[in-house]
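Below are the chains, spelled out letter by letter.
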Amino acid sequence: MKPPKFRYFAPRSVEEAVALLVEHADEARVLAGGQSLVPLMNMRLAHPDMLVDINGISELAYVRPWDGGLALGAMTRDATLERDTTAAARLPLLVEAAHCVGHPAIRNRSTVGGSIAHADPAAELPAVLLALNAAFEVRSRSGSRTISAQDFFKGYLSTDLKASELLTELRVPGLPSKAGSAFVEFSRREGDYALAGVAAVITLDEDGTIADARLGLCSVGPAPVRPQAAEALLRGQHPGDEAWDAAATAVITGLDNPPSDIHGSADYRRHLASVLTKEALASAAERAERNR
Amino acid sequence: MQDEDFVTIRLTVNGGTHRLVVEPRRLLADALREDLGLTGTNLGCEHGVCGSCTVLVDGQSVRSCLMFAVQANGHEVMTVEGLARGGELHPLQQAFWEKQGLQCGFCTPGFLMTAYELLQHNPNPSEEEIRSALSGNICRCTGYQQIIEAVQSASQAVAGASATVPSGTGA
């Protein structure tokens, strides 16, 4: 298996990369960590005429405090995020999810921006960033625009990003200090694509009831899922099995056609979504209780 | 003048510098095997699942089937051929030999390089940490148990060797 021929450009700045993408929007693909694109090219499922390799753009690799949360440069490697102490202190959910991405040798290359732009429904970060109300900055010749995660993910491997635009930054708002979060997933082998995964964020009120709950699911539909009906059910409830059961039921009722393949049927994925939702909520609530 | 279909790159592999003229689509794995004759790195699945082609780039494990050689331009690559020193096996190789951490040996270079990176960061890993670090490498022969034992044994050997280094040297 060998990738088809392509023309190769390795710009050193965002401006240079954007200029290339604008000029060659029809034929160019951005090469970030390459952990999804290169397999597709090796199998000749993807055959871009031109690659714009952004690995040399060092200004795109950073994790910075931003507005109580974090700003992540698109070329931040998952291995970097996984070990970042600022991220661990501010948004431990991101670190927990980054650790679930692939295997160590994958995470050494894979990038947060690549995961978002590729929008594989089985990927962890899109679901987690959806739950965290993240927004993404993209640059084009005419300037930049910011797209909320909610508006960004359109469907299977499909996003609001245009071929002439470059994803440059992920902005993730902070959580209240009393919030607790958790990410859980199930896969056949550690590091393989999850058959289902759930991110949960819970904030508790003074009286111990749920002030706010957020969920994000991967691998259970054509795009990451934010089950707002389940979130609404949880507000005002007391944390516990009764609330988790009701939320899990609402989650699977709202699922639109989970994938069915040799690794798991749609029914099995619904079952996993239910079990993992309860697990993630219980774990997030326990952590929120500890932070209270 | 150079044909625009080819690029000249400079790779440092196991300490030696090489100048190569490659197509941009040349995978790092193929450059190592075909252009440099370093056939210790094995290609299994060629889409990043099996871990067989794992090498280190600037000290970090990567799938050499998911990286183009041109992307390694100016970087340092270490392959399984870089482990032994002067005909003497690296402690990891010695441990794989002693614990029978291989049968057919096809996956072994990938396991060795992945374990090498693990021990660099974590000289005394627990069994769970070893299993997690090696989770991306597939072995169809051993059932993994002896591989885990080999890495444990190597970590003890490395720890033992550094403990016996006379104190006060080089200070």
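Above this text you will find the structure in question.
A brief look at the structure comes next. Computed from a predicted structure; not experimentally measured.

**Digging into the overall build of chain B**
When you go through chain B residue by residue, the secondary structure sums to five helices and five strands. What you see in chain B, going N to C, is helices and strands ordered as β-β-α-β-β-β-α-α-α-α. Taking 2.2 N^0.38 as the reference for a compact globule, 171 residues should give roughly 16 Å; the C-alpha atoms of chain B span a radius of gyration of 17 Å, in line with that estimate. The C-alpha extent of chain B, read off along each of the three principal axes, is 55 × 45 × 25 Å. Within the span of chain B, comprising 171 residues, buried residues form 50% of the whole. Of the contacts made within chain B by residues no fewer than 6 positions apart, 54% connect residues no fewer than 24 positions apart.

**With respect to the interface of chain B and chain A**
Of the residues lining the interface, 29 residues belong to chain B; the matching set on chain A comes to 27 residues. Summed over both sides, the interface of chain B with chain A buries roughly 2,400 Å², with 54% coming from carbon and sulfur. The three residues of chain B that bury the most area against chain A are Arg 25, Leu 66 and Phe 68 of chain B, which together make up 25% of that side's buried surface. Applying the counting criterion to the chain B and chain A interface returns 13 residue pairs in polar contact (both at pLDDT 80 or more). Contributing elements (two or more residues each) for the side of chain B that touches chain A: strand 4 (60-63) and helix 4 (127-133) of chain B. Sort the elements by how many residues they give to the side of chain B that touches chain A and strand 4 of chain B lands first, with four residues.

**A few points about the pattern of salt bridges**
Under the definition given, this model contains 24 salt bridges over all chains. For Arg 189 of chain A, the salt bridge identified is with Asp 192 of chain A, shortest N-O distance 3.0 Å. Here Asp 192 of chain A falls in the partly exposed class, since its relative accessible area comes to 22%. Connected through shared salt-bridge partners, Lys 2 of chain A together with Asp 30 and Glu 46 of chain B make up one network.

**Looking at the side chain of Ser 64 of chain B**
Summarising the element assignment, Ser 64 of chain B is placed in the loop between strand 4 and strand 5 (76-78). What Ser 64 of chain B contacts, discounting residues up to four positions off in sequence, is Leu 27, Leu 28, Ala 29, Thr 41, Cys 53 and Val 55 of chain B.

**Observations concerning the sheet that holds strand 1 (residues 7-9) of chain A**
Residues and elements named next belong to chain A. With parallel pairing, three strands are arranged side by side in an open sheet as 1-3-2. Pairing within the sheet leaves two strands with one partner each, and these edge strands are strand 1 and strand 2 (28-31). This sheet shows a mean twist of 25 degrees between the axes of neighbouring strands, independent of strand direction. Relative to strand 3 (residues 50-53), strand 2 runs parallel, the two being bridged by four bridges. Across the sheet, Arg 29 pairs through a bridge with Leu 51, a residue of strand 3. In this fold helix 1 (residues 14-23) packs onto strand 1, strand 2 and strand 3, with an angle of close to 165 degrees to the strand it touches most, strand 3.

**Some words on the environment of Phe 153 of chain A**
Residue and element names in this part refer to chain A. Its location among the elements puts Phe 153 in strand 8 (residues 153-155). Assessed through its relative accessible area of 10%, Phe 153 is described here as buried. Counting along the chain gives 115 residues from Phe 153 to Val 38, while the straight-line C-alpha distance between them is 22 Å. Those residues in contact with Phe 153 that lie beyond four places of it in its chain are Ile 116, Ala 119, Pro 126, Phe 136, Ser 158, Thr 159 and Pro 224.

**Let's talk about the nonpolar core**
Core analysis: the largest hydrophobic core is formed by 38 residues, its most contacted members being Leu 94, Ile 116, Leu 129 and Phe 136 of chain A. Sort the elements by how many residues they give to this core and helix 8 (residues 124-131) of chain A lands first, with six residues. If you count residues domain by domain, this core takes at least three from each of domain 2 (58-172) and domain 3 (179-291) of chain A. In this structure Ile 116 of chain A touches Leu 125, Pro 126, Leu 129, Phe 136, Phe 152, Phe 153, Thr 159, Leu 167 and Leu 170 of chain A, once residues within four positions along its chain are discounted. Core analysis: the next-biggest nonpolar cluster, separate from the first, contains 34 residues, Tyr 8 of chain A together with Val 22, Leu 32 and Phe 68 of chain B among them.

**Points about the packing of helix 11 (residues 241-253) of chain A against helix 12 (residues 266-291) of chain A**
All names here are of chain A. One way to put it is that helix 11 packs onto helix 12 with a least axis distance of 9 Å and a crossing angle of 140 degrees. Taken together, the axes of helix 11 and helix 12 lie oblique to each other. Pair helix 11 / helix 12 crosses with right-handed handedness. Every residue of helix 12 that contacts helix 11 at Trp 244, Asp 245, Ala 247, Ala 248, Val 251 and Ile 252 is listed here: Arg 270, Ala 273, Ser 274, Thr 277, Lys 278, Leu 281, Ala 282 and Ala 285. Looking at the contact of helix 11 with helix 12 residue by residue, the class counts come to nine nonpolar, two polar and three charged.

**Some thoughts on the sheet that holds strand 4 of chain B**
Residue and element names in this part refer to chain B. Pairing in this open sheet of five strands is mixed, and the strands run 2-1-5-3-4 from one edge to the other. Here the strands that pair on one side only, and so sit at the sheet edges, are strand 2 (16-22) and strand 4. Neighbouring strand axes in the sheet, compared pairwise and without regard to direction, differ in orientation by 40 degrees on average. Pairing geometry for strand 1 (residues 7-13) and strand 2, over seven bridges, is antiparallel. Each bridged residue has a counterpart across the sheet, and for Arg 10 the counterpart in strand 2 is Arg 19.

Cut-off values and rules
- Residues numbered from 1 in each chain as written.
- Chains lettered and ligands numbered in written order.
- Predicted model: local features only at pLDDT ≥ 70, side-chain atom pairs only at ≥ 80, totals over all residues.
- Heavy atoms only, no water.
- Helix = DSSP H or I, 4+ residues; strand = E, 2+ residues; numbered from the N terminus.
- Rg over C-alpha atoms; globule rule 2.2 N^0.38 Å.
- Buried < 20%, exposed > 50% of the residue type's maximum accessible area, 1.4 Å probe, protein only.
- Contact = heavy atoms within 4.5 Å.
- Buried area = accessible area lost by both parts, 1.4 Å probe.
- Polar contact = N/O pair within 3.5 Å; in protein donor to acceptor, adjacent residues only side chain to side chain.
- Salt bridge = Lys/Arg side-chain N within 4 Å of Asp/Glu carboxyl O.
- Pairing = 2+ DSSP bridges.
- Axes fitted to C-alpha atoms, helices over the stretch in contact; angles between N-to-C directions.
- Core = buried A, V, L, I, M, F, W, Y, C linked by side-chain atoms within 4.5 Å.
- Domains from an automatic or database assignment.
- Parallel < 35°, antiparallel > 145°, perpendicular 65-115°, else oblique.
- Left-handed = near helix turned anticlockwise from the far one by under 90°.
- Nonpolar A, V, L, I, M, F, W, Y, C, P; charged D, E, K, R; others polar.

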